[in-house]
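Residues per chain, in single letters:
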Amino acid sequence: MEKEKPFVASLHEVENQLELSLRQAFASLEPKLQPPFSLDIPDPQEFLELNRAILYAVLCNYGYSTTHIKHLHALVTDGYAFFTSLLVGVVVELYGKLVDSAKVQLLWLTKEMIDVSSVGLEDLLVSLLRRIGCGDYGEQNVWLCYELVSLFLDKWGCLLEDAPLVLTSALYSFLRLLADHCRVSGVPKLENVKRLEIKFCVKMFREQMHLSLKIGRDLVRLLQDLVHISEFKDIWNDLVCSEVSQIYQLKTSGRYFLLRIAPEMETQLRFLLGNVKLGSQKRHQIWFLKKFLLGPEKETLLIDIVRFICCAVHPTNEIIRSEIMPRWAVIGWFLELCKQNHHVEGRVKLALFYDWLFFDERVDSIMNVEPAALLMLWSIPQYPHITHFLLEFLLHLADTYDIARRDMMMRGVASAFREIERKGVVQSLDMFLSNPEIATDLKKKLANLLSCHQDIN
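Caption draft 1: Representation of the overall build of the protein in the model. A tally of helices and strands in the protein yields 25 helices and zero strands. Its C-alpha atoms give the protein a radius of gyration of 25 Å, near enough to 23 Å, the size a compact globule of 457 residues would have. With the C-alpha coordinates aligned to their principal axes, the bounding extent of the protein is approximately 85 × 50 × 45 Å. When burial is assessed residue by residue, the protein has 53% of its 457 residues classed as buried. Sequence separation of at least 24 residues holds for 76% of the intrachain contacts in the protein that already meet a minimum separation of 6. Of the roughly 20800 Å² of accessible surface on the protein, 52% is carried by carbon and sulfur atoms.

Caption draft 2: Quick peek at the packing of aromatic side chains. Enumeration according to the criterion identifies 20 aromatic pairs in this entry. Where Trp156 meets Phe200, the ring centres are 6.1 Å apart and the plane angle is 75°; that geometry is what we call edge-to-face. Here Trp156, found in helix H8 (residues 156-162), pairs with Phe200, found in helix H10 (residues 188-207); they are 44 residues apart in sequence, far enough to count as distant. Taken as a pair, Trp156 and Phe200 share a single burial class, namely buried. Members of the aromatic cluster, each reached through a chain of ring pairs, are Trp287, Phe288, Phe292, Trp333 and Phe334. One cation-aromatic arrangement involves Lys203 over Trp156; the distance from NZ or CZ to the ring centre is 4.8 Å.

What counts, and at which threshold
- Counting starts from 1 at the beginning of each chain's written sequence and moves along it residue by residue.
- In keeping with the model being predicted, local features are shown solely for residues with a pLDDT of at least 70 and side-chain atom pairs are shown and tallied solely at 80 or more, while totals for entire chains, interfaces and linings include all residues.
- Only hydrogens and water are set aside when side-chain values are computed; all heavy atoms of the structure are taken into account.
- Helix numbers and strand numbers start at the N terminus; a helix is a DSSP run of H or I with at least 4 residues, a strand a run of E with at least 2.
- The reference for a compact globule is 2.2 Å times residues^0.38; the radius of gyration itself is calculated from the C-alpha atoms.
- Here's how the labels work: a residue is buried when its accessible area is under 20% of the maximum for its type, exposed when over 50%, partly exposed in between, all with a 1.4 Å probe on protein chains only.
- Contacts were defined at the residue level, with two residues in contact if any of their heavy atoms lie within 4.5 Å.
- Areas reported here follow the Shrake-Rupley algorithm with a probe of radius 1.4 Å; residue values treat only the protein chains shown as occluding.
- Each Phe, Tyr or Trp ring (for Trp, its six-membered ring) is paired with any other whose centre lies within 6.5 Å, and the angle between the two planes then decides the class: stacked below 30 degrees, edge-to-face above 60, tilted in between.
- Here, a charge over a ring means that NZ of Lys or CZ of Arg falls within 6 Å of the ring centre while also lying within 35 degrees of the ring normal.

As structure tokens, then:
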């Protein structure tokens with residue numbers, strides 16, 4: 001069988017060093033990749049080069065994959081750590097350049113690594129989960145989603161024993177993806193994906209509830225978008241009746257929010273929030289919009305981006321004091337982008353304010369609530385309507401999000417407001433309570449909330 005190049009050539013990009021190293025290793029060692037294999041133990045450098053060459057050979061898919069993987073099994077001495085790290089590198093740096101047949105081979109190699117419980121397996125699976133795009137119903141993205149949810153079901157026992165936390169990451173990903181997939185019709189292959197996503201998520205809740213709950217409070221946010229699905233109604237009712245107060249108190253780790261952000265998007269967001277000066281951001285925003293957010297289906301990505309920025313991008317004090325574009329300004333732009341889609345806009349605002357509802361300064365970070373506070377504050381001079389609809393949304397959210405636990409929500413919001421004053425995020429809450437630009441009824445509601453929940457602990 002003729003060898004197929006695993007990567008699409010690009011005329012306008014500097015060649016990736018990982019791709020180059022794989023190709024050069026294969027060119028150098030190709031004669032050694034066919035049996036009979038040498039019985040000599042390779043030196044450390046040759047061991048690394050053989051790992052690279054074997055990976056490239058399997059991605060080329062020319063009929064000897066089983067032979068190559070047997071060769072790898074025979075020579076490995078590090079628990080497959082280096083080989084798995086190469087796979088992670090391919091997923092993170094080169095996935096978009098892989099030809100379709102190489103993507104199939106990559107998934108096959110991943111299953112092989114699960115079977116041998118390779119060192120670094122969780123990183124590999126998380127990297128693949130990040131490659132499933134929200135709002136992308138193209139054939140390749142639907143294929144990847146189907147393959148990964150099938151993998152997690154087929155390899156359930158192995159993963160539960162060797163990498164149980166990756167099942168929790170998969171649950172977060174597929175709950176979030178399912179919410180989008182259920183709003184789409186007319187994509188035949190997506191129906192099978194939805195069926196498997198539901199099967200996997202229900203299996204997690206029914207058989208591994210303790211792992212499911214490790215997600216923390218955002219588990220409730222994800223589930224509330226799925227209560228219309230019959231399979232989730234009982235799960236929702238069970239959680240609301242028994243576990244929900246404890247779940248609310250457990251903040252969700254930032255690593256979960258990274259699951260729905262592709263590596264390239266993460267790089268660009270961190271660049272925007274770490275290097276671009278406020279006032280010079282327009283061309284960067286236009287580029288970001290064209291690259292990641294074109295098309296009405298892509299608007300749902302804004303939910304994940306805002307949650308990621310609030311909870312996983314915490315700038316240093318040096319950046320905060322600089323002229324670099326602050327998080328609140330980027331989020332304000334994202335809110336403007338989705339204002340015509342009320343469903344997405346509501347979910348984006350919930351993502352922005354979610355931690356306010358349960359805020360406890362003993363466990364929660366002020367940085368999670370800072371962007372919303374500053375967006376409301378700095379909008380007052382020129383865009384008071386933004387402050388109005390955000391503050392109105394927050395107070396309504398505290399009042400109605402969970403009526404049975406309204407007092408908990410009110411305490412959380414009051415605690416967040418007092419902490420942003422205490423930490424100097426705003427000089428004084430009077431900037432909200434006494435500002436003539438803010439509607440009188442909103443100021444009264446806020447003042448009442450703060451007065452009724454002075455003992456926030």
